[in-house]
Amino acid sequence: MNTEIFTAHESNVRRYGRSFPAVFTKALGATIWDEAGKPYIDFLVGSGALNYGHNNPNIIAPAIEYLVGENILLSLDMYTAAKRDFIEVFVGSILKPRDLSYKIQFPGPTGTNANEAALALARKYTGRSSVMAFTNAFHGMSLGSLAVSGSASTRELGGVARHDVIRVPYDGYPNQDFDSAGYIDFVLGDTGSGIEKPAAIILETIQAEGGMNAASAAWLTEIHRICRKHGVVMIVDDIQAGAGRTGEFFSFEFAKIEPDIVCLSKSLSGSGSPFSIVLIRPDLDIWRPGEHSGTFRGNNLAFVTAGAMCKLWSDRQFTAGIERTAIKLQTHLDRLVAKFPKCIEQKRGRGLMAGLKCRSQAVVGRVHDVTFENGLLIESSGPNRDVIKVLPPITITDDELDHGIAILDHALKEQANGD
Ligand SMILES: *Cc1c(COP(=O)(O)O)cnc(C)c1O
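Quick caveat: nothing in here was measured; it's all calculated off a predicted structure.

### A few points about the pattern of salt bridges
Scanning the model with the defined rule gives 21 salt bridges in all. Taking the shortest distance from any N to any O, the salt bridge between aspartate 386 and lysine 357 comes out at 3.1 Å. Highlighted residues: aspartate 386 in the loop between strand 16 (379–381) and strand 17 (387–390) and lysine 357 in strand 14 (residues 353–358), separated in sequence by 29 residues. Residue lysine 357 is classed as buried on the basis of its relative accessible area of 12%. Within this structure, Arg15, Glu209, Glu379 and Lys389 form a network of salt bridges that share partners.

Printed below as a string of C-alpha cells:
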C-alpha cells in the first residue's frame with residue numbers, strides 16, 4: 001500500500017495513520033475496508049463520532065437527496081428550512097420525550113467550540129472567572145478547553161498560562177474510598193479553603209480519553225445538588241458519551257439529573273459530518289445577539305443527517321436494539337475479564353461506552369498490533385494508555401460484534417500465553 005505521500009508531505013503530528021498503517025477506501029456499518037480490500041471491524045468509530053456506523057442508510061439517504069437538490073449548504077446562523085427541520089425533530093424526538101426544555105446554541109462545528117461557548121456563557125452569567133474541572137478530564141484542543149483538561153501533556157500544549165481552573169478529584173480518584181463530592185461541597189462552603197467560588201463545574205459522565213472512568217449516578221446527583229446549593233453552573237461535556245453512546249441519548253439520563261448546560265458534538269450529525277450544539281437552561285441564555293459567533297455554525301448537511309439520526313430515537317425497535325446490544329457487549333467483556341486475568345485488570349465504562357483496563361501499556365500495544373493484523377481497529381486511552389477503548393457502532397450487528405470480540409479474544413490469548 002502506498003503511504004509515501006503521507007510521510008513525505010503530512011506533518012509529523014499525524015497519529016492514527018501511524019497506528020493503522022493502511023489506506024482506507026470504503027466503509028459500511030461497523031466495517032471499514034483498506035485499499036487492498038481487507039475488511040476491519042471498527043471499534044474506533046472516529047473516536048465516538050460514528051456511533052451510527054459508517055454510511056448508515058437511514059442517515060445518508062436524506063443527505064444524498066439534499067445534495068442533489070441545489071439546497072443550502074452553508075448559512076452562518078441564518079434561518080434555513082434544513083435548520084428549522086432539525087430543530088423541530090430535535091425538540092420533538094429528543095428533548096420533549098425527556099421533559100427537557102433547553103435553548104439550542106449553534107457554535108462552530110467542533111466539540112471544543114461547544115465547550116468554549118459553554119464556559120464563556122457560564123463566566124458571563126456568574127461574573128466569576130474560575131472553573132472547576134476534574135482529574136483526567138479531556139475537553140478539547142483550544143485554549144479554554146485545554147485549560148480544563150487534566151492530562152499534563154495536553155495542558156502544556158497551549159504554551160500560554162492556563163489559569164482560572166480549580167482541579168478537583170473525579171469520582172473514584174484517587175481511589176473509591178475518597179469522597180470527592182463531599183470534598184467539593186466542603187471547600188465551596190468553607191471560607192478558609194482558599195478556593196474561590198467557580199463560575200461552573202465542567203464534567204464528563206464517563207471520561208473517555210481519561211481512561212473510560214464512569215461516574216456513578218449517586219456521584220452525579222450529588223454534584224448536581226452541590227452546583228444548585230452553591231449557585232454554580234453545571235456543564236456536562238457530553239461530546240463523546242452523548243448522542244447514544246451509553247445506550248441512552250444523553251449519558252446523564254440514568255442519573256435523572258438536568259444539567260444547566262450540555263455540550264454535544266462527535267456523533268451528533270450521525271454521519272461524521274462536523275456539528276455541535278450547546279443546550280442551555282432558558283434563564284441562562286443571556287447571550288446578546290451576535291455576541292458569540294463562528295463561520296461554520298450553519299452546516300446544513302449536518303442538520304439534515306442529525307435530523308435523520310434524531311428520528312431514529314422515536315422508533316422503539318431501534319432503542320430496544322441498542323439496549324440489547326449494550327447488554328451483549330457487557331456480557332462479552334465480563335467473559336474476557338474472567339478469562340484473561342493476567343492481561344486485564346477490570347472492565348470500565350458503561351453501556352456501549354466500554355473499556356478494558358489492562359495490566360500494562362505494553363499489553364495494550366501488542367493487542368492493538370495483533371488485532372489490527374487480524375482485522376479489528378481499537379484504540380487506547382488513559383494517562384498511561386493502558387486502557388483498551390471498546391466503542392463499536394451502537395448499531396453494530398450481532399455477527400460483526402461477535403467477530404470483533406473474537407479477534408480481541410484471540411489477541412489477548414496470545415498475550416496471556418506469551419508472558
Ligand atoms: C472529542 C472530545 C472533545 C473535543 O471535540 P473536538 O471536536 O475534537 O474539538 C471534547 N470533549 C470530549 C469529552 C471529547 O471526547
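### Here's the deal with the domain arrangement of the protein
Domain boundaries assigned for the protein yield domain 1 (4–56 + 316–418) and domain 2 (60–312). Centre-to-centre, using C-alpha coordinates, domain 1 lies 25 Å away from domain 2. Counting residues at the interface gives 28 residues for domain 1 and 29 residues for domain 2. Taken over both partners, the interface formed by domain 1 and domain 2 buries close to 2,400 Å², and the fraction arising from carbon and sulfur atoms is 53%. For the interface between domain 1 and domain 2, the tally reads one salt bridge. Measuring nitrogen to oxygen at the nearest pair gives 2.8 Å for the salt bridge that ties lysine 389 to glutamate 209. Counting across the interface, domain 1 meets domain 2 through 18 residue pairs in polar contact (both at pLDDT 80 or more).

### Description of a nonpolar patch on the surface
Nonpolar side chains collect at one region of the surface, where Ile64, Leu67, Val68, Leu73, Leu74, Leu76 and Phe296 lie side by side and expose about 690 Å² of accessible area between them. Mapped onto the fold, leucine 74 is located in the loop between helix 4 (57–67) and helix 5 (81–95).

### Observations regarding unusual backbone geometry
Cis peptide bonds are those with omega within 30 degrees of zero, and the linkage from tyrosine 173 to proline 174 qualifies with 0°. A positive phi angle, near 35°, is found at lysine 266, a position not held by glycine. When you line up the elements, lysine 266 lands in the loop between strand 11 (261–264) and strand 12 (277–280). With relative accessibility at 25%, the residue lysine 266 sits in the partly exposed group. The backbone of arginine 385 sits at a positive phi, close to 45°, despite the residue not being glycine. Among the secondary structure elements, arginine 385 is positioned in the loop between strand 16 and strand 17. Under the relative-accessibility criterion, arginine 385 is labelled partly exposed at 29%.

Thresholds applied
- Position numbers for residues start from 1 in each chain and track the written sequence from start to end.
- Two thresholds apply to this predicted model, a pLDDT of at least 70 for residue-level local features and 80 or more for giving and counting side-chain atom pairs, whereas whole-chain, interface and lining totals are computed over all residues.
- Excluded from the side-chain calculation are hydrogens and water; included are all heavy atoms of the structure.
- Any Lys or Arg side-chain nitrogen located within 4 Å of an Asp or Glu carboxyl oxygen qualifies as a salt bridge.
- A helix here means a DSSP run of H or I that spans at least four residues, while a strand means a run of E at least two residues long, and both kinds are numbered starting from the N terminus.
- Burial classification: accessible surface area is computed with a 1.4 Å probe over protein chains only, and a residue below 20% of its type maximum counts as buried, one above 50% as exposed, and the rest as partly exposed.
- Domain extents, as shown, originate in an automatic or database domain assignment.
- Here a residue-residue contact requires only that any non-hydrogen atoms of the pair lie within 4.5 Å.
- A 1.4 Å probe defines the accessible area here, and the buried area is the portion of it lost by two parts on being joined, summed over both.
- Polar contacts, as used here, are pairs of N or O atoms within 3.5 Å; protein pairs need one atom able to donate a hydrogen and one able to accept it. Residues neighboring in sequence count only if both atoms are side-chain atoms.
- Put simply, a patch holds well-exposed residues, over 30% relative accessible area, that have no salt bridge, with like charges counted together within 9 Å and Val, Leu, Ile, Met, Phe, Trp or Tyr side chains within 5 Å.
- To measure how exposed things are, a 1.4 Å probe is used in the Shrake-Rupley method; for residues, cover is taken only from the protein chains shown.

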